[in-house]
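Inside the fold
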Amino acid sequence: MITTGQCLCGAVRYRITAEPITTRACWCRLCQYIGAGSNTVNVGFPSSAITIEGTLADYRSVADSGNVMHRRFCPTCGTAMFSEAESRPHLIFVRAGTLDDREIARPAVIIWTSQAPSWACLDDSIPRIEGQPPPA
Ligand SMILES: [Zn+2]
Ligand SMILES: [Zn+2]
């Protein structure tokens, strides 16, 4: 399976040669900033299977769990593209909006629902977790 994607302006492109490991919609507070008010949808892949072309900017932050997170985005158009935890370098999460084929990103679980605003649209057919799920 080959998965491809890019940022809005096309300066950053990627190619992945592995199956997705997990798909999640995340309503954590930080994702609401990145998602412009809504959730983010993220597809986890083995980081060894991704090739990235172009220059990314990196926003580093420390999660409530103590994990150091890197959220990478295109410095030209601002599209959020990837997130990685230093504690789990084997895994990279791809922001689903950047995928050429978004159909592969149907969430298996909705996480951090405890942080969602009261007007959030949550799909009743998808399992929910109030906070952080166990590691993939
Ligand atoms: Zn861009
Ligand atoms: Zn989140």
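Right, let's get into the coordination of the zinc ion (ligand 2). Reference values for angles at a metal are 109.5 degrees in the four-donor tetrahedral case and 90 or 180 degrees in the six-donor octahedral case. Around the zinc ion (ligand 2), the protein contributes the donor atoms Cys 26 (SG), Cys 28 (SG) and Cys 31 (SG), which lie 2.1 to 2.3 Å from the metal centre. Here the donor residues of the zinc ion (ligand 2) are spaced in sequence according to C-x1-C-x2-C. Residues Cys 26 and Cys 31 agree in their burial class; the two are buried.

According to the stated counting rule, one finds 1 aromatic pair in the structure shown. Their ring planes at 70° and their centres at 5.3 Å tell us that Tyr 14 and Phe 82 sit as a pair that is edge-to-face. Of this pair, Tyr 14 sits in strand β2 (residues 13–16) while Phe 82 sits in strand β8 (residues 80–85), placing them 68 residues apart in sequence. Judged by its relative accessible area of 3%, Tyr 14 falls in the buried class. Overall, Phe 82 belongs to the buried group, its relative accessible area being 0%.

Among the 6 residues of β8, 5 are classified as buried, and the element is accordingly described as predominantly covered. Pairing of strand β7 (residues 68–73) with β8 involves 5 bridges; the strand directions are antiparallel. Along β8, the bridge assignment pairs Met 69 with Ala 85. Linking two consecutive strands that pair antiparallel, namely β7 and β8, is a turn of 6 residues; a positive phi of about 80° is found at Gly 78 within it. Across 2 bridges, the pairing between β8 and strand β9 (residues 91–95) is antiparallel. Paired with Phe 82 across the two strands is Val 94, which belongs to β9. The turn linking β8 back onto β9 is made up of 5 residues.

About the thresholds
Residues numbered from 1 in each chain as written. Chains lettered and ligands numbered in written order. Predicted model: local features only at pLDDT ≥ 70, side-chain atom pairs only at ≥ 80, totals over all residues. Heavy atoms only, no water. Donors = N, O, S within 2.8 Å, 3.2 Å for Na, K, Ca; no water. Buried < 20%, exposed > 50% of the residue type's maximum accessible area, 1.4 Å probe, protein only. Phe/Tyr/Trp six-rings, centres within 6.5 Å; stacked < 30°, edge-to-face > 60°. Helix = DSSP H or I, 4+ residues; strand = E, 2+ residues; numbered from the N terminus. Pairing = 2+ DSSP bridges.

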